Amino acid sequence: SQQGEEDPQALSIQEGENATMNCSYKTSINNLQWYRQNSGRGLVHLILIRSNEREKHSGRLRVTLDTSKKSSSLLITASRAADTASYFCATDQTGANSKLTFGKGITLSVRP
Amino acid sequence: NAGVMQNPRHLVRRRGQEARLRCSPMKGHSHVYWYRQLPEEGLKFMVYLQKENIIDESGMPKERFSAEFPKEGPSILRIQQVVRGDSAAYFCASSPISGQTSTEAFFGQGTRLTVV
């Protein structure tokens, strides 16, 4: 299995609800990043959390990192229809020239 | 400050032709990464370049694929004798400094290659 595995694979929620997405990885990391991708489009960087950080906030986003469990979660609060997209976690592994290793992504659908 | 620019956005090639994908990093960025995304998949690392140097090509197929980042001009990903399995979205990312623990990578909009 690959570094950076997200779960669930797909998530469908009602507008206004919170969405929680999880990511697990296998090796030691410098940082972990979350990206959003709308269908057929490029990647939008959401948030970066360093290996020595445990929690980070940005607007309606909250990211946690547990290096002992090698896992991260992305919480989107008060979701909107415009949040509908695929979400990827990507790890910057220690000693890997800052190349990112991506998971397969989570498809989030927010129903209006 | 323009972001990472990739062109073309869409490219159609017949089997056996060559595909050339271009990437201009953000101003001031000297590190370029290429990734490939197959349908319904995440991005897979292909190659990491600095100006005039290939630093890490561990994700590049051994044949038909090459990349360069010349002193002047954009980075080029070249695919020779394309096959249908090369159909994918190819993304370029740039960053100012490598090896830093908190460096964000900035991605272009991608080039969607279709081999017919």
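The structure under discussion appears in the preceding block.
Below, the structure is looked at part by part. The numbers attached to residues start from 1 for each chain and follow its sequence in the written order. Whichever chain is written first becomes A and whichever ligand is written first becomes 1, with later ones labelled in order. A pLDDT threshold of at least 70 governs which residues receive local features in this predicted model, and a stricter bar of 80 or more applies before side-chain atom pairs are shown or counted, although totals over entire chains, interfaces and linings include all residues. Think of the side-chain values as coming from all heavy atoms in the structure, minus any hydrogens and water.

What follows covers the state of the cysteines. Each disulfide consists of a covalent bond between the sulfur atoms of two cysteine residues. Residue and element names in this part refer to chain A. Two cysteine sulfurs form what is called a disulfide whenever their separation falls within 2.5 Å. Evaluated as defined, the whole model comprises two disulfides over all chains. Note on cysteine connectivity: C23 is disulfide-linked to C89, with sulfurs 2.0 Å apart. Across the disulfide from C23 to C89, rotation about the S-S bond amounts to roughly 60 degrees, and the bridge is consequently right-handed. With C23 in strand 3 (residues 19-24) and C89 in strand 9 (residues 85-93), this residue pair connects regions lying 66 residues apart in the sequence. Burial classes follow relative accessibility: with a 1.4 Å probe on protein chains only, a residue under 20% of its type's maximum area counts as buried, one over 50% as exposed, and anything between as partly exposed. Taking relative accessible area as the criterion, C23 reaches 2% and is therefore assigned buried. Numbering goes from the N terminus for both helices and strands, where a helix is a DSSP run of H or I of at least four residues and a strand is a run of E of at least two.

Let us look at the sheet that holds strand 8 (residues 71-76) of chain A. All names here are of chain A. If you walk across this open sheet you meet the five strands as 1-3-8-7-6, and the pairing is antiparallel. Edge positions in the sheet fall to strand 1 (5-7) and strand 6 (55-58), since each of these pairs with one other strand and no more. Taking the axes of each pair of neighbouring strands and ignoring which way they run, one obtains an average angle of 15 degrees across the sheet. Strand pairing requires that DSSP identify at least two bridges connecting the strands. In this structure, strand 1 lies alongside strand 3, joined through three bridges in antiparallel fashion. Across the sheet, the residue bridging to E6 is C23, located in strand 3. Axes, fitted as lines to C-alpha atoms, cover a helix only where it is in contact. Angles between the N-to-C directions of the axes lie from 0 to 180 degrees.

With that settled, consider unusual backbone geometry. Most peptide bonds take the trans configuration, and most residues that are not glycine carry a negative phi. Cis rather than trans, the peptide bond between A:D7 and A:P8 has omega equal to -5 degrees. Checked against the element boundaries, A:P8 lands in the loop between strand 1 and strand 2 (10-14). Each neighbour pair has its own omega, and for B:N7 with B:P8 the value is -5 degrees, a cis peptide bond. The topology assignment puts B:P8 in the loop between strand 1 (5-7) and strand 2 (10-13). Even without being glycine, A:K70 reaches a positive phi, approximately 50 degrees. By secondary structure assignment, the location of A:K70 is in the loop between strand 7 (61-66) and strand 8. On the basis of relative accessibility, which here comes to 29%, the residue A:K70 falls in the partly exposed class.

Moving on, we come to the nonpolar core. In this description, a nonpolar core means a group of buried Ala, Val, Leu, Ile, Met, Phe, Trp, Tyr and Cys residues linked to one another through side-chain atoms lying within 4.5 Å. If you look at the biggest cluster of nonpolar residues, it comprises 23 residues, and the most contacted ones within it are B:W34, B:M46, B:L77 and B:Y90. Those elements that place two or more of their residues in this core are strand 3 (19-24), strand 4 (31-37), strand 5 (43-50), strand 7 (65-68), strand 8 (75-79), strand 9 (88-95) and strand 11 (111-115) of chain B. Apart from residues lying up to four places away in sequence, B:M46 is in contact with B:W34, B:Y35, B:R36, B:D56, B:E57, B:S58, B:G59, B:M60, B:P61, B:F65, B:L77 and B:Y90. Listed in part, the 22 residues of the second largest apolar core include A:I29, A:W34, A:L65 and A:V110. Residues are treated as being in contact if the distance between any of their heavy atoms lies within 4.5 Å.

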